[in-house]
Amino acid sequence: MSPTDHHLNLLPPLIQVGHAEQFVQSGKTILSAQSPLNQSYAVFPSARKDAPSIKHSDVEEQPIFFASSETSPSSERRLFIGDTSIIFAALQNLTKTAQGRGQEWLQSQETHNVIRKLTLDYVNFTRECWIHTSQTSVQSQGSAQFSGDHYRSLYTCLALFAVLYVPEYGYEDAPVGDDLMEWLNIHFIEPSTEEGNHLSGLDRPWEDDTFWPYLVRVTLRGLSKAATFFLGTLSTHPSDNLRRLAQQLSPLLQSQPHLQSFEAERDFAYASHRWKDKVKALRIELDSVSESDRHDGIENWWDRLSDIVGILEGRSEVIRRVCEDLGADWREVSVSWGVFADARLRRQDLPEVVSNVLDDMPQDPTNLEDMIHAALFSGDPAKALSHAAQLDPWLAAHMADLMQALSLIEKEANEDSGLNIRDFYVLSYAHYLHADPALWRITVAYMFSCGEPGVRSADEVLMHIPLRLRSVGSITHSQGEENGADNLKSGDLAGVVKDINATCYEYQREEVRRTICRIAAQTFVQEKEYGLALSYSSSAEDWPGLGRVVDRVLQEYITAGSEQFTRYVAGIAPSLQALRTQSGAQGIFIHRLMFAVRYAEFHQRLGNRDLQDAAWDLISMFQDGLAPKSWWAVLLGDSQQLLQYDGTLLFPYASACILLQHLEEVIARTDQGSRDEYLRVLISKLGSGGTTEALHTLQGVRLALAKYFARCTMIGTGGKQIMERKFGAAV
């Protein structure tokens, strides 16, 4: 949403076109709530207070739409964000190392060189992005989120920051004029190449109106090669004095001392002093030219040449006047001062010079780039960050990160927000990134670097990332998503969940990881992917949640029947062995899982007509204490068909007694008021018959047991045909 917009568009629309009146008549209105973390909003329909209440038979689900006033980063912006986040991560690793080694190591040459290298990496990335964006077609620029000029502004600001605040180690107190002039010539090219080409093509260039302004400008910018070239064209000028003075001026321009040419500043200062003496000598000769020979009929060449010599002399009034005449701004005056007026101007002395210049030539308050430059020149990093945040939150965040590493800004946290200056801008940038859900990995990386408030924000982001688990098994998704779905089905962490788990592990957010696994488990339960739900509950060490998964599987027996129940249990059975050996697993929930697996095996054998083994399974569930009391009545009901089997007696006498013992307890406790504890599951299985039908079923089991005991008596207790070895092992 652009700054001039005052509305947000929802997609899909909350109200379809042409249905607004119908929405109003329904007694609803639209409400919204802003996130306390960023510029996102939750928008949802709600009943109007003045509308009559409308009763609905069912609870109506209301959709919630999420929208943001932040514009999501575009593709080229996302690439820029991703590339520069690597530099940010490198600086975080450096600061973490410094915490272990102490403040002295952070201020060492080794560390300074790394910070300088990372700063120049930022400078180079913004330069490349500027060039790339500027070279795209006009049509592409029209649709681009940020123009080439925007990235040029980032480039100039970071480059200036590098010059002023991250010089080479040992040069912090060195004169800064030459470095600033190099920065000015790279980023604010004057005069233009076209002007030089135009003048160089003329036979008598001094007759052109742009000749002298061009010559003065290249001198002011320290472009000695261009200056000496055009001074050489004056060798054919009709004035003898001008020809002679131009010939003397050229070697002076070429021999101006520069700090980088000397091994020691003392040598540079001595050379500068001698060079100034030569300039003074030229001034004496220039002043000796008679008034009558100072004009060539086209231009007062003496005034122009006097301005050039005045610049070389370092006369502040000449530099300011010339800059004003040429349309230059405060930057050019300030930089020229450090080259000509005070060649030994140091970084700590620059703010005073700039302050005086800005009094007469103030910065443009409507130009954020200009305001950032002025703050950096003035030695006010905090103000520079304030303006940078308005230009681009990316710039403010990364400059603040560098500034804190260089101890340029306060590290103390604000009492109200709990954030220091650096964390405030980095966290603001992270919230800007949060407008694009696809950038969540980068978003939380920035948040986790911002102390406790940042950690809390990152936790919230992680816990609200769409897990996209409902796509499991879909054949309409891309190949990558299909592979992720296959991995998920096999029980492996994959896709977004795998990335979130890795992120939580990296930042030691175990509670968040468990919460996300619990959310995943709940989603899989809704999808009836019980094996996966069990796996994620186990990963979260959510034992009550694991118990609920098992309960849902057992519920499938009630609602879908034994065949479907057996298939669902086949999905969770492989987890049983691992859970039994897992430390920390709570036995009561593992016990419930063992019952579900054993009960499914019972029904599988029953379906395969392996009745003898089915009978053994049934008795062992009672003997081993696996069957919950709420399921006793169901198991007793299952035993009826085995008791009534006409062939071999399937239960030994002792086992039949176990069935009778549990039957009597169920009936007795039901009579004593514990119906829900003992009959709840059976009543659910039978449907609408309620307690009466459940008791009728149990009476049928009692009758079947009576007949079974009669058969046992007729052929001898236990019956010789019964396979005692199985039950002997069970007992």
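Refer to the preceding data block for the structure.
Everything numeric in this text was worked out from a predicted model, so none of it was measured.

(A) A look at the overall build of the protein. The helix and strand inventory of the protein stands at 36 helices and 3 strands. Out of the 731 residues belonging to the protein, those deemed buried represent 46%. Counted over contacts in the protein with a minimum sequence separation of 6, partners at least 24 positions apart contribute 65%.

(B) Representation of the environment of glutamine 254 in the model. Mapped onto the fold, glutamine 254 is located in helix 11 (residues 240–254). Classification of glutamine 254 by relative accessible area gives exposed; the value is 56%. Each C-alpha atom of the pair glutamine 254 and alanine 227 lies 9.1 Å from the other, and the pair is 27 residues apart in sequence. Excluding residues within four positions of it along the chain, glutamine 254 makes contact with Ser224 and Thr228.

(C) Broad picture of the nonpolar core. Formed by 206 residues in total, the largest nonpolar core has its most connected members in Leu376, Leu395, Leu462, Tyr599, Trp631 and Phe651. Sorting elements by how many residues they give to this core places helix 6 (residues 148–165) first, with 12 residues. Sequence-distant contacts of tryptophan 631, defined by excluding residues within four places in its chain, comprise Leu554, Tyr557, Ile558, Phe595, Tyr599 and Val681.

(D) Representation of the packing of aromatic side chains in the model. Under the counting rule described, the total for this entry stands at 33 aromatic pairs. Through a chain of ring-to-ring contacts, three or more aromatic side chains come together here, namely Tyr557, Phe565, Phe595, Tyr599, Phe602 and Trp631. The positively charged end of arginine 294 is found above the aromatic ring belonging to tryptophan 302, 3.8 Å away from the centroid. Over the ring of phenylalanine 188 we find arginine 331; its NZ or CZ atom is 4.3 Å from the centre of that ring.

(E) Region of the structure containing the packing of helix 10 (residues 224–232) against helix 11. Relative orientation of the contacting elements helix 10 and helix 11 amounts to 170°, with a least axis distance of 9 Å. By the angle between their directions, the pair helix 10 and helix 11 is classed as roughly antiparallel. Residues Ser224, Ala227, Thr228 and Leu231 of helix 10 touch helix 11, and the partners they reach there are Ala246, Leu249, Ser250, Leu253 and Gln254.

(F) Spotlight on the side chain of threonine 84. Mapped onto the elements of the fold, threonine 84 is located in helix 2 (residues 75–101). From its side chain, threonine 84 meets the backbone oxygen of phenylalanine 80 in a polar contact 2.8 Å long.

(G) Representation of the pattern of salt bridges in the model. Per the stated rule, a full pass over the model turns up 38 salt bridges. Arginine 243 serves as the salt-bridge partner of aspartate 240, at 2.0 Å between the closest nitrogen and oxygen. Here aspartate 240 and its partner arginine 243 are both found in helix 11, 3 residues apart, which amounts to about one turn of the helix. Between arginine 513 and glutamate 510 there is a salt bridge; the shortest N-O distance is 2.7 Å. Note that arginine 513 and glutamate 510 are positioned in helix 25 (residues 510–526) at a spacing of 3 residues, about one turn of the helix. Residue classification places arginine 513 among the buried positions, given a relative accessible area of 13%. Each of Arg283, Asp287, Glu313 and Arg315 takes part in a single network of salt bridges with overlapping partners.

(H) Structural view of helix 6. Given a rise of 1.5 Å per residue, 18 residues ought to cover 26 Å, and the 26 Å separating the end C-alpha atoms of helix 6 matches this to within 8%. Extensive coverage of helix 6 is indicated by the burial of 17 of its 18 residues.

Calculation criteria
Residues numbered from 1 in each chain as written. Predicted model: local features only at pLDDT ≥ 70, side-chain atom pairs only at ≥ 80, totals over all residues. Heavy atoms only, no water. Helix = DSSP H or I, 4+ residues; strand = E, 2+ residues; numbered from the N terminus. Buried < 20%, exposed > 50% of the residue type's maximum accessible area, 1.4 Å probe, protein only. Contact = heavy atoms within 4.5 Å. Core = buried A, V, L, I, M, F, W, Y, C linked by side-chain atoms within 4.5 Å. Phe/Tyr/Trp six-rings, centres within 6.5 Å; stacked < 30°, edge-to-face > 60°. Lys NZ or Arg CZ within 6 Å of the ring centre and 35° of its normal. Axes fitted to C-alpha atoms, helices over the stretch in contact; angles between N-to-C directions. Parallel < 35°, antiparallel > 145°, perpendicular 65-115°, else oblique. Polar contact = N/O pair within 3.5 Å; in protein donor to acceptor, adjacent residues only side chain to side chain. Salt bridge = Lys/Arg side-chain N within 4 Å of Asp/Glu carboxyl O. Expected span 1.5 Å × (residues − 1).

Shape descriptors only; they carry no functional weight alone.
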